Amino acid sequence: MGSGSTRWKALPLCLALVVALQACLPACAAAPKTYIVQMAASEMPSSFDFHHEWYASTVKSVSSVQLEGEEESDDPYARIVYNYEMAFHGFAAKLDEEEAERMAEADGVVTVLPETVLQLHTTRSPDFLGISPEISDSIWSAGLADHDVVVGVLDTGIWPESPSFSDKGLGPVPAKWKGLCQTGRGFTAANCNRKVIGARIFYNGYEASSGPINETTELKSPRDQDGHGTHTAATAAGAPVPDASLFGYARGVARGMAPRARVAAYKVCWAGGCFSSDILAAVDRAVADGVDVLSISLGGGSSPYYRDSLAIASFGAMQMGVFVACSGGNAGPDPISLTNLSPWITTVGASTMDRDFPATVTLGNGANITGVSLYKGRRSSSSQERYPLVYMGGNSSIPDPRSLCLEGTLQPHEVAGKIVICDRGISPRVQKGQVVKNAGGMGMILANTAANGEELVADSHLLPAVAVGESEGIAAKKYSKTAPKPAATLSFDGTKLGIRPSPVVAAFSSRGPNFLTLEILKPDVIAPGVNILAAWSGDASPSSLSTDRRRVGFNILSGTSMSCPHVAGVAALIKASHPDWSPAKIKSALMTTAYVHDNTYRSLKDAATGRASTPFDHGAGHIHPLRALNPGLVYDIGQDDYLEFLCVENLTPMQLRAFTKNSSRTCKHTFTSPGDLNYPAISAVFAEQPTAALTVRRTVTNVGPPSSTYHVKVSDFKGADIVVEPSTLHFTSSNQKLTYKVTMTTKAAQKTPEFGALSWSDGVHIVRSPLVLTWLPPM
């Protein structure tokens, strides 16, 4: 509980910062700009035959007097950027601020949301997760003969020539598929096959806000010039590729989590970012196309559920039976830093694997410092020769641009021919090496700061470079400042397996608690997201620097962007094995079978602190795909349950319509608090009366043997007594549902949250739910 205590005390400060930032937003935005308008489809007047006619008429009804030089403002159709019809009902249009205010009051309008810009959250993992080729094949063959799972990936597009997207051995495109292969410069219909069965682009929102895409530098087609989309798609569902590696690192068979799943690529990210109206259009289209799983490695700020267009669209996808996985963000280890917080979304954090890429710094005094690197180039420092070592930072606690090796801060006469120590932060890690190289440096030691702790992320540097942890970096800097003639040697040791401990929660992985709803634990799970090898774009360098002329078929990346498609791919495996399961059942299976101990049999650690992580860091734990295929019991949640959850979130009737999509649905008041949602995790909040008892109920569905008996086990807590009734569940049939209640009675209110678990076991299955108790101070 040590690290959790410190983070919890930061909650009031973080909330204050959020409020302060909101207060600092400009009072008036530039006009016109794109707004997303949700409509109550059932309220379309009978005078219109089609919804898009109604939308255009609504735009015209709120239009301001035409501005000089804006010829298109007379035509409402020209101002409409998108029409949405499946996961979301409404449109996106260019409006000025006054028009947007009038739009919010127009008949049939549910909500008006301003355009936002989201950012990308940037092959051993199948084996590490226990998914061998034999197991994957058996899962697929066990599925229904006419059932094919389609994974939709919202990202930067796809590089179809990668062998990861070979369709060898795959049957015809599923008959249910309604998507298409959109063509454009550098991308033809022939680039789709029986593996990549769909490819579309969405840029109207981007161009409405930022102007036309520069087609001399950017391809207006599904082709991926960035690499991120290719990497995530291959991680989720890439076909097996033997002898894959990055410059010899991580050599082996590269394959996705669900290698026989189909892939549909939806390009929503461009050089200037990923715009919410484009993302919404892609989700809407993907659901209509027939995807089963959506992998969305994107995120921005966290808005209330009814103001979050991705949350609203994902709700619509859930209603259509589509499982949605989203990255949690890379803003860790700061608390309350998660994005994509909706309970119907599976929010994924990042962890390490048991593979590393060790490199060594040998100081002139004989001390060895261990780090990591993916450097492989013609230019290498001799392992027998020492080079002068220099650190340009001072002793002040104030960051020095030179110590950070920022562009233009290093002078050749100070660093030429030397190994330079650079502090991590502000600029990209590989860019620091480019700065050192341009100044004539021989090599680089990239030192973590307190923000990164001892976490080591390997990079494909342009010069000999080793990344080291905070403590090792401090030692190297001290030596460079105190030795008469400081020197060092860099050596690179290839790939090493069997790293202990692993997995470890990545320092960069965003953390809870969920400040929108403390009763909904987030993240949901963690999955491999550090040093992941997967397919890469032929148009991008491994470092993504424009000065890097190298090209590779596979690249190694880190981020929750990488952990998200792991979960999406495993969800596809579960869907193939259980075609009739709802998204909530799949999510429950992933959460209740997750583990919370590493390969040394100790509690999962936090790379940022070296101490035990908590459910605010790892959620329910690290995914275990094989157990998730046969979880025994699942917690199911339907759309009516989610709506009742939103009702106790104090949404107004109008705000609730963002999810009900019509005005007839009203709250049934079956929930007394958000904690009543049948979530696979239990997070109890003692608020107004810290000494009172709290009771929550959960319903489990038997998906194991028809006749089975489960016994409960619950952690001991310092702050409360926990009673579960009944303590035994007797099932007599498949899909039978049984309910239990958990009563938590305070005996000594705690100043920081307490963490434990509630588990049901029949001797074969262990169905584990995290249990978090939080006492809020009296207001």
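Residues numbered from 1 in each chain as written. Predicted model: local features only at pLDDT ≥ 70, side-chain atom pairs only at ≥ 80, totals over all residues. Heavy atoms only, no water.

**Considerations on the overall build of the chain**
So, point 1. When helices and strands are tallied, the chain shows 20 helices and 39 strands.
So, point 2. Residues counted as buried form 60% of the 779 residues belonging to the chain.
So, point 3. Surface summary for the chain: the accessible area is close to 30000 Å², and the carbon and sulfur share equals 53%. (Helix = DSSP H or I, 4+ residues; strand = E, 2+ residues; numbered from the N terminus. Buried < 20%, exposed > 50% of the residue type's maximum accessible area, 1.4 Å probe, protein only. Areas by Shrake-Rupley, 256 points an atom, 1.4 Å probe, with all protein chains shown as cover.)

**Focus on helix 13 (residues 429-438)**
So, point 1. Listing the buried residues of helix 13 in full gives V430, K432, G433, Q434, V435 and V436.
So, point 2. Buried residues along helix 13 sit in contact with strand 21 (419-423) and strand 22 (443-447).
So, point 3. Trailing helix 13 by a residue or two, G440 shows a phi angle of about 95°, which is positive. (Contact = heavy atoms within 4.5 Å.)

**Examining the sheet that holds strand 3 (residues 90-95)**
As a general point, the strands of a sheet are linked pairwise by backbone hydrogen bonds and lie either parallel or antiparallel.
So, point 1. Sheet architecture is open: four strands sit in the order 2-3-1-4, paired in antiparallel fashion. Both edges of this open sheet fall to strand 2 (80-84) and strand 4 (109-114), since each of them pairs with a single strand only. In this sheet, adjacent strand axes meet at a mean angle of 20° when their direction is disregarded.
So, point 2. Here strand 1 (residues 33-39) pairs with strand 3 via six bridges, running antiparallel. (Pairing = 2+ DSSP bridges. Axes fitted to C-alpha atoms, helices over the stretch in contact; angles between N-to-C directions.)

**Quick look at the state of the cysteines**
So, point 1. Using the criterion set out here, one finds four disulfides in the structure.
So, point 2. Linked covalently through their sulfurs, C269 and C274 form a disulfide whose S-S length is 2.1 Å. A torsion of 110° about the S-S bond marks the disulfide between C269 and C274 as right-handed. You'll find C269 and C274 in the same group, each marked buried.
So, point 3. Looking at the chain, its bonded cysteines, counted consecutively from the start of the sequence, adopt the pairing 1-2, 3-4, 5-6, 7-8.
So, point 4. The cysteine C326 is free of any disulfide, with C564 supplying the nearest cysteine sulfur at 6.0 Å. (Disulfide = S-S within 2.5 Å.)

**Notes on the pairing of strand 29 (residues 554-557)**
So, point 1. Alternating positions in strand 29 separate into two faces, F554 and I556 on one and N555 and L557 on the other, with burial throughout.
So, point 2. Pairing analysis gives four bridges linking strand 28 (residues 532-535) to strand 29, with the strands arranged antiparallel. Residue L533 lies in a different strand from strand 29, and its bridge partner there is I556.

**Notes on the sheet that holds strand 12 (residues 273-275)**
So, point 1. Read from one edge to the other, the open sheet built from four strands follows the order 11-12-5-14, with strand pairing classed as antiparallel. Among the strands making up the open sheet, the edge pair consists of strand 11 (269-270) and strand 14 (298-299).
So, point 2. In this structure, strand 5 (residues 117-120) lies alongside strand 14, joined through two bridges in antiparallel fashion. Bridged to Q119 within strand 14 is G299.

**So, the packing of aromatic side chains**
So, point 1. Summed over the entire model, instances satisfying the criterion amount to 20 aromatic pairs.
So, point 2. Residues Y203 and W270 carry aromatic rings whose centres are separated by 6.1 Å and whose planes lie at 90° to one another, so their mutual orientation is edge-to-face. Linking Y203 in the loop between strand 7 (196-201) and helix 8 (204-210) with W270 in strand 11, this pair joins segments that are 67 residues apart in sequence.
So, point 3. Classification of Y203 as partly exposed rests on a relative accessible area of 21%. (Phe/Tyr/Trp six-rings, centres within 6.5 Å; stacked < 30°, edge-to-face > 60°.)

**Considerations on the pattern of salt bridges**
Opposite charge on two side chains lets them pair, provided their charged atoms get close.
So, point 1. According to the stated counting rule, one finds 22 salt bridges in the structure shown.
So, point 2. Note that R223 is salt-bridged to E161, the shortest N-O span being 2.8 Å. Taken as a pair, R223 in the loop between helix 8 and helix 9 (228-237) and E161 in the loop between strand 6 (150-155) and strand 7 lie far apart in primary sequence, 62 residues in all.
So, point 3. Under the relative-accessibility criterion, E161 is labelled partly exposed at 44%. (Salt bridge = Lys/Arg side-chain N within 4 Å of Asp/Glu carboxyl O.)

**Notes on empty space enclosed by the protein**
To find the voids left in a structure, one rolls a probe of water-molecule size over its atoms.
So, point 1. Considering only enclosed or pocket space, the second largest cavity measures out at about 60 Å³ in volume.
So, point 2. Every residue along the wall of the second largest cavity is listed here: M318, V322, F323, V324, W344, I345, T346, P583, A584, K587 and Y642.
So, point 3. Of all the secondary structure elements, the ones that give two or more residues to the lining of the second largest cavity are strand 15 (323-327) and helix 16 (583-592).
So, point 4. The element that contributes the greatest number of residues to the lining of the second largest cavity is helix 16, accounting for three residues.
So, point 5. Classifying every residue of the lining of the second largest cavity gives nine nonpolar, one polar and one charged. (1 Å grid on protein atoms, 1.4 Å probe; cavity = no way out; pocket = protein on both sides within 12 Å on 5 of 7 lines; lining within 4 Å. Points joined across faces, edges and corners; volume = space filled by probe spheres on them. Nonpolar A, V, L, I, M, F, W, Y, C, P; charged D, E, K, R; others polar.)

**Topic: the nonpolar core**
So, point 1. Residues V283, W344, L646 and F659 are the most contacted members of the largest nonpolar core, which totals 147 residues.
So, point 2. Here the element with the most residues in this core is helix 15 (residues 560-577); it accounts for ten residues.
So, point 3. In this view, W344 contacts A311, S314, F315, M318, K587, Y642, F645, L646 and F659; residues no more than four positions away in its chain are not counted. (Core = buried A, V, L, I, M, F, W, Y, C linked by side-chain atoms within 4.5 Å.)

**Thoughts on unusual backbone geometry**
Working note: non-glycine residues mostly have negative phi, and peptide bonds are mostly trans.
So, point 1. Between R500 and P501 the backbone carries a cis peptide bond, its omega angle lying at -5°.
So, point 2. Of note, the amide linkage connecting K522 to P523 takes the cis form, showing an omega dihedral of 0°.
So, point 3. Within the element layout of this structure, P523 appears in the loop between strand 26 (504-505) and strand 27 (525-528).
So, point 4. Of note in the backbone geometry, C405 takes a positive phi value of approximately 55° without being a glycine.
So, point 5. Relative to the helices and strands, C405 resides in the loop between strand 20 (387-391) and helix 12 (412-415).
So, point 6. Positive phi values are uncommon outside glycine, yet N735 reaches one of about 65°.

**Let's talk about the packing of helix 9 against helix 15**
So, point 1. At a minimum axis separation of 7 Å, helix 9 and helix 15 run at an interaxial angle of 35°. Of the two possible hands of crossing, helix 9 and helix 15 adopt the one that is right-handed. Across the interface between the two elements, H228, H231, T232, T235 and A236 from helix 9 touch S561, M562, P565, H566 and G569 from helix 15.
So, point 2. Residue composition of the contact of helix 9 with helix 15, grouped by class: three nonpolar, seven polar and no charged. (Left-handed = near helix turned anticlockwise from the far one by under 90°.)

**Structural notes on the UniProt feature "active site" (unreviewed entry) in the chain**
So, point 1. Per the UniProt entry, the sites bearing "active site" (unreviewed entry) are D155, H228 and S561 in this numbering. Across 407 residues, the annotated set stays spatially compact, with a maximum C-alpha separation of 9.8 Å.
So, point 2. Among the structural elements, D155 can be located in strand 6.
So, point 3. Leaving out residues up to four positions away in the same chain, D155 has contacts with L120, H228, G229, T232, Y266, K267, V268, C269 and S297.
So, point 4. A polar contact is formed between the side chain of D155 and the side chain of H228, at a distance of 2.7 Å.
So, point 5. Its place among the elements puts H228 in helix 9. (UniProt positions renumbered as here; feature names shortened; annotations may be inferred. Polar contact = N/O pair within 3.5 Å; in protein donor to acceptor, adjacent residues only side chain to side chain.)

**Side note on the pairing of strand 34 (residues 708-714)**
So, point 1. Where strand 34 meets strand 36 (residues 728-731), four bridges bridge the pair, whose relative direction is antiparallel. Each residue of the ladder has a partner; that of T709, found in strand 36, is H730.
So, point 2. Note that strand 34 and strand 38 (residues 754-761) share four bridges and pair antiparallel. Bridged to V714 within strand 38 is L758.

**Observations concerning the side chain of S558**
So, point 1. Mapped onto the elements, S558 comes out in the loop between strand 29 and helix 15.
So, point 2. Polar contacts involving the side chain of S558 include one to the main-chain amide nitrogen of N531, which spans 2.7 Å.

**Some thoughts on the environment of N365**
So, point 1. Tracing the backbone shows N365 in the loop between strand 18 (358-363) and strand 19 (368-372).
So, point 2. N365 sits 121 residues away from P486 along the chain, and the two C-alpha atoms are 8.3 Å apart.
So, point 3. Reaching out from N365, the side chain makes a polar contact with the backbone nitrogen of A367 at a distance of 3.0 Å.

**Some thoughts on the confidence of the model for the chain**
So, point 1. Looking at the chain as a whole, the pLDDT averages 89, with 89% of positions reaching at least 70.
So, point 2. Per-residue pLDDT stays below 50 along residues 1-30; that stretch engages in 33 contacts with residues further than four places along the chain or on separate chains.
So, point 3. Taken together, the stretch residues 66-72 has pLDDT below 50 and engages in eight contacts with residues farther than four places along the chain or on a different chain. (pLDDT = per-residue confidence, 0-100.)

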